[in-house]
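# Structural description and commentary
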Amino acid sequence: MSHPQSYELLLIPDHSRTRTGGPGRPIRSAVVAATGETGASGYPRYTGEGMEADIDPATRTVEAVLIDGEELDPGMSVQVAEGDRGKR
């Protein structure tokens, strides 16, 4: 199976979802590129611009993520940008 070579990821504060009823505005974005490795989650690993993520290419779900080498803070989430279908 061929996996996309890159994605744009968005770091979003979860608390803003409850106020607006939808996703909040991203406070950071990063383009991550495939490393050719599989992460601990079993999904392809992507890195770039301070983000490291395991992404399920079938669902575009971020399964594991580090931001600047740290685990994601409570109240934050990371998702693939809405229009991003991944670059092959």
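Our subject is the structure that appears above.
A brief report on the enclosed structure follows. (Residues numbered from 1 in each chain as written. Predicted model: local features only at pLDDT ≥ 70, side-chain atom pairs only at ≥ 80, totals over all residues. Heavy atoms only, no water.)

### What about the packing of aromatic side chains?
Inspection of the entire model under this criterion finds 1 aromatic pair. Relative to Tyr46, the ring of Tyr7 lies with its centre 5.1 Å away and its plane at 70 degrees, an arrangement referred to as edge-to-face. Of this pair, Tyr7 sits in strand 1 (residues 6-13) while Tyr46 sits in strand 3 (residues 44-48), placing them 39 residues apart in sequence. Since its relative accessible area comes to 2%, Tyr7 is described here as buried. For Tyr46, a relative accessible area of 0% translates into the label buried. (Phe/Tyr/Trp six-rings, centres within 6.5 Å; stacked < 30°, edge-to-face > 60°. Helix = DSSP H or I, 4+ residues; strand = E, 2+ residues; numbered from the N terminus. Buried < 20%, exposed > 50% of the residue type's maximum accessible area, 1.4 Å probe, protein only.)

### Brief notes about the nonpolar core
Counting 15 residues, the largest nonpolar core has Tyr7, Leu9, Val32, Met51, Ile55, Val62 and Val78 as the members making the most contacts within it. Mapped by element, the contributors of at least two residues to this core are strand 1, strand 2 (28-38), strand 4 (51-56), strand 5 (61-67) and strand 7 (76-80). Setting aside residues up to four positions removed in sequence, Met51 forms contacts with Leu9, Leu11, Arg28, Ser29, Ala30, Val32, Tyr46, Leu66 and Ile67. (Core = buried A, V, L, I, M, F, W, Y, C linked by side-chain atoms within 4.5 Å. Contact = heavy atoms within 4.5 Å.)

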